[in-house]
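So the chains spell out like this:
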Amino acid sequence: MENIILVTFDSLRADHTGHGGYERNTTPTLDEMAKEGTIFEKALSPASRTNPSMAGILTGEPMVFQDKVSDPGIAGKHLDRFGTIAEKLSDKGYTTGAFCPNAYASRYYGFDSGFDYFEDFLFSNDIYQNLFSEHLSDSSLYTTIRNVRNFVRREEAFKTWDTYIEDVENWVRHTEEPFFLWIFSMDTHFPYLTPRTHREWSSLFDQYYYNWRCNKLIDQFDVDISERERQKIVDIYDDSIKFGDHLLKELQSRLSEFEPTYFIHGDHGESFDERGLYGHFYPALYQENVHVPFVVSGPHVDDRTVTDPMSLLDLPSLVMNIAEGQDLDISESDVAISTDFDGRNERNLIATRAGDKKLLLEESPSGTSIEIYDLAVDPGESDNLVHSDRSFKRLWSLTTSHLRTEIERIEIESTVSDLEDI
Amino acid sequence: MSERDRDPSQSVALSEDLISRVESRVEQTDFDSVTDYITYVLEEVLYQVEGEESDDSSGDVNEDEVQERLKSLGYLNE
């Protein structure tokens, strides 16, 4: 059975990769792997944030919820109820391990399910932490100082791949094959941090200043900054992607003798003022939020480009194809659906892509809004066709069917959960 | 859903009335078939009733610690 490595890049947009058409050479290693393997040009993440997106990617089932994702019970139940790809591979005899510094995909949320080894760097025995906790009463000051400390020490949310790549290699070398390894790279997640030797488009000053600047913008609507400043923020993001790409080069170099098959993807995208927002704090399902790179590369993977839309909910079944010694069984469907629920504002979101047409539905206490775009001529999703004379019967049908499925699942789950009280 | 297709199965007899009620719900949703829907409901029931939980390692995590980590991701969106 093949060794399999799943590499997740946080906040990585497809249109910022070389093979995705970006003008900068941000992903030379990934591009090379894409050339030799199978590229999914129109891969959509299941959601616009790590927690619901990865819960869907690891199980193959969309996480349906109407609450805040910060509640660990939601992802925890979802992962346990549907079972993860790690559990399925473990049942087949795989040894499973993960290195995941994103707290939203940590054991606290049940993401260790099925992993023999799960390093989420959640605990720090750092004496500084106790010192700060005792002596600082202002929590925002504490968080700021902690962030500065963590940035300098490359810890916690700022844990860059170079600080744990040795551990990854050690785990692989001391593990029984076949293995399934999940590596989650925070390197492409805000703040965009890149060691000096890997920076190409930004200086050290740019990195500190524009991360600080971006931090002021995250959580803001209708941001109005100069194009120059916006570009500087994009520059530090692009450098972080280049650095993240280097992780792939290191993995290939260190682990080549194990001949793994790589599944490489982004967990969701990132906004850079397409609609007055930065980051991914505000759930939305536009292309900048959900169009992610997805490449499969390995000794038995065909050189192929899949041009139909697909959802990363299909990732587990593709992994199983490789685990079972089969070719990738790629669906012939051209439909991909992404969903999310904004618990803070009670907004339920569904985005349905069928071919090059896309419908975005938003339900909230203030009403329902529909947007329809033709991505073939309007990739930036600016010309809403909902009031045009064109019929989008198929999109409507797919969307309403999915919405009813969500409602049905929630009703079933809430009815059944009452059984616990009997 | 395709995983389910691979599991060995047995037939179960259900009343036509019950099947009909399920059919009318299935046709408005993404469930592929009556079998799919009924299997989903039963799995949900059994999951709750059996109280199946994997090793709950979230119990050994300090919640305050996690909240701080989430904040240090640049936002705590919810």
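Starting from 1, residues in each chain are numbered consecutively following that chain's sequence as written. Here chains are named by letter from A upward and ligands by number from 1 upward, in the order in which they appear as written. This being a predicted model, a pLDDT of at least 70 is required before a residue's local features are given, and a value of 80 or more before pairs of side-chain atoms are given or counted; all residues contribute to the totals for chains, interfaces and linings. In computing side-chain values, all of the structure's heavy atoms are included and hydrogens and water are not.

Draft legend 1. The overall build of chain A, seen in detail. For chain A, the helix and strand inventory stands at 12 helices and 15 strands. By the compact-globule yardstick of 22 Å for 422 residues, chain A fits well, its C-alpha radius of gyration being 21 Å. The principal-axis extent of the C-alpha atoms belonging to chain A is close to 60 × 55 × 50 Å. Under the scheme applied here, a residue whose accessible area is under 20% of the maximum for its type counts as buried, over 50% as exposed, and between as partly exposed, the area being computed with a 1.4 Å probe on protein chains only. Burial status across chain A gives 62% buried among its 422 residues. By definition, residues are in contact when any of their heavy atoms lie within 4.5 Å. Put simply, of all contacts in chain A between residues at least 6 apart along the chain, 69% involve residues at least 24 apart. In these tables, accessible area is a Shrake-Rupley quantity obtained with a 1.4 Å probe, and a residue counts as shielded only by the protein chains included in the view. Only carbon and sulfur atoms are counted for the fraction: they give 46% of the accessible area of chain A, which is about 16700 Å². Averaged over its 39 positive side-chain charges, chain A has a centre that lies 4 Å from the centre of its 77 negative ones. Each helix corresponds to a stretch of at least 4 residues labelled H or I by DSSP, and each strand to a stretch of at least 2 residues labelled E; elements are numbered beginning at the N terminus. Between the two quantities, the radius of gyration covers C-alpha atoms and the globule rule is 2.2 Å times the number of residues to the power 0.38. In this tally, Lys and Arg are treated as positive and Asp and Glu as negative; His is ignored, and so are the chain termini. To locate a charge, take atom NZ for lysine, CZ for arginine, CG for aspartate or CD for glutamate.

Draft legend 2. Representation of the sheet that holds strand E13 (residues 347-354) of chain A in the model. Residue and element names in this part refer to chain A. Whether two strands pair comes down to DSSP finding at least two bridges between them. Within the open sheet, the 4 strands sit side by side as E12-E13-E14-E15. Their pairing is antiparallel. On the outer flanks of this sheet lie strand E12 (335-342) and strand E15 (367-374), each paired with one strand and no other. Across the sheet, the mean angle from the axis of one strand to that of its neighbour is 10 degrees, orientation sign disregarded. Pairing geometry for E13 and strand E14 (residues 357-364), over 7 bridges, is antiparallel. For Asn-348, the partnering residue across the bridge sits in E14 and is Glu-363. Comment: axis = line fitted to C-alpha atoms, over the contacting stretch for helices; angle = value between 0 and 180 degrees taken between N-to-C directions. Together, E12, E13, E14 and E15 form the strand contacts of helix H12 (residues 393-417), whose direction differs from that of E13 by roughly 140 degrees.

Draft legend 3. How the structure looks around the pairing of E12(A). All names here are of chain A. The buried count for E12 comes to 7 of 8 residues, which makes it a mostly enclosed element. Note that E12 and E13 share 8 bridges and pair antiparallel. Bridge pairing links Asp-342 to Arg-347 in E13. Where E12 folds back onto E13 in an antiparallel hairpin, the turn is made up of 4 residues, including Glu-346, whose phi is positive at roughly 55 degrees.

Draft legend 4. A look at the packing of aromatic side chains. Residues and elements named next belong to chain A. Classification of ring pairs rests on two measures: the distance between centres of Phe, Tyr or Trp rings, Trp counted by its six-membered ring, which must be within 6.5 Å, and the angle between planes, read as stacked under 30 degrees, edge-to-face over 60 and tilted in between. Applying the stated criterion across every chain, the model contains 29 aromatic pairs over all chains. Ring geometry for Tyr-209 against Trp-212: centres 5.7 Å apart, planes inclined by 40 degrees, an arrangement best described as tilted. On the criterion of helical spacing, the pair formed by Tyr-209 and Trp-212 is a turn pair, its members being 3 residues apart in helix H8 (residues 204-217). Taking relative accessible area as the criterion, Trp-212 reaches 47% and is therefore assigned partly exposed. Seen in terms of ring centroids, Phe-221 and Tyr-282 are 4.8 Å apart; in terms of plane orientation they differ by 90 degrees. Their pairing is edge-to-face. Of this pair, Phe-221 sits in the loop between H8 and helix H9 (227-255) while Tyr-282 sits in the loop between strand E8 (278-279) and helix H10 (287-290); the two residues are 61 residues apart in sequence, bridging distant segments of the chain. Given a relative accessible area of 22%, Tyr-282 falls into the partly exposed group. In textbook terms, an aromatic cluster arises when at least three aromatic residues are bridged by ring pairs, as seen for Phe-115, Phe-118, Phe-180, Trp-182 and Phe-184. The side chain of Arg-81 reaches across the aromatic face of Phe-82, ending 4.6 Å from its centre. The criterion is that NZ of a Lys, or CZ of an Arg, lies within 6 Å of the ring centre and within 35 degrees of the ring normal, and then a charge sits over that ring. The ring of Tyr-286 has Arg-275 lying over it, and the distance from NZ or CZ to the ring centre is 3.7 Å.

Draft legend 5. Spotlight on unusual backbone geometry. Residue and element names in this part refer to chain A. In this structure, the amide linkage connecting Glu-177 to the following residue, Pro-178, adopts the cis form with an omega of 0 degrees. Turning to its location among the elements, Pro-178 is positioned in the loop between helix H7 (165-173) and strand E5 (179-185). Cis rather than trans, the peptide bond between Phe-190 and Pro-191 has omega equal to -5 degrees. Along the chain, Pro-191 turns up in the loop between E5 and H8. For Asp-273, which is not a glycine, the phi torsion comes out positive at approximately 65 degrees. With respect to the helices and strands, Asp-273 occurs in the loop between strand E7 (271-272) and E8. What makes Asp-273 partly exposed here is its relative accessible area of 23%. One non-glycine residue, Glu-381, lies in the positive phi region at around 55 degrees.

Draft legend 6. How the structure looks around helix H3 (residues 34-50) of chain B. Residues and elements named next belong to chain B. Taking 1.5 Å as the rise per residue, H3 with 17 residues should run 24 Å; its terminal C-alpha atoms sit 24 Å apart, in good agreement. Buried residues of H3: Val-34, Asp-36, Tyr-37, Tyr-40, Glu-44, Tyr-47 and Gln-48, and no others. Just downstream of H3, Gly-51 is the residue with a positive phi angle, here 60 degrees. Take the residue count of a helix, subtract one, and multiply by 1.5 Å to get its expected span.

Draft legend 7. Structural detail: the side chain of A:Glu371. Residue and element names in this part refer to chain A. Position of Glu-371 among the secondary structure elements: in strand E15. Salt bridges are counted wherever a side-chain nitrogen of Lys or Arg sits within 4 Å of a carboxyl oxygen of Asp or Glu. No salt bridge is formed by the buried Glu-371. Its closest oppositely charged neighbour is Arg-275, at 5.5 Å. In protein, a polar contact means a hydrogen-donor-capable atom and an acceptor-capable atom, both N or O and within 3.5 Å, with residues adjacent in sequence counting only if both atoms are side-chain atoms; elsewhere, any N or O pair within 3.5 Å suffices. Of note is the side chain of Glu-371, whose polar atom sits 2.4 Å from the side chain of Tyr-373.

Draft legend 8. Main features of the side chain of A:Thr160. All names here are of chain A. Mapped onto the elements of the fold, Thr-160 is located in the loop between helix H6 (139-153) and H7. Taking the relative accessible area as the measure of exposure, Thr-160 reaches 3% and is therefore buried. A distance of 2.6 Å separates a polar atom in the side chain of Thr-160 from a polar atom in the side chain of Asp-162.

Draft legend 9. Just the pattern of salt bridges, in detail. Applying the stated criterion across every chain, the model contains 34 salt bridges over all chains. Here A:Arg347 ties to A:Asp342 by a salt bridge, and the two come within 2.8 Å at their closest N and O atoms. Look at A:Asp342 and you get buried, because its relative accessible area is 2%. One salt-bridge network, held together by shared partners, links A:Glu61, A:Lys77, A:Arg81, A:Arg409, A:Glu413, B:Glu43 and B:Glu44.

Draft legend 10. Inspection of the confidence of the model for chain A at higher detail. Summary statistics for chain A give a mean pLDDT of 91 and a share of 91% for residues scoring 70 or more. Summary of the metric used: pLDDT quantifies the predictor's per-residue confidence within the range 0 to 100. Here residues 125-139 of chain A is modelled with pLDDT under 50, and outside its nearest four sequence neighbours on either side it reaches 18 contacts, counting other chains as well.

Draft legend 11. Molecular detail of a nonpolar patch on the surface. Residues and elements named next belong to chain B. A surface patch of nonpolar side chains, amounting to about 270 Å² of accessible area, comprises Val-12, Leu-14 and Leu-18. One can find Leu-14 in the loop between helix H1 (2-6) and helix H2 (16-26). Judged by its relative accessible area of 39%, Leu-14 falls in the partly exposed class. Patch membership requires over 30% relative accessible area and the absence of a salt bridge. Like charges are linked within 9 Å, and nonpolar side chains (Val, Leu, Ile, Met, Phe, Trp, Tyr) within 5 Å.

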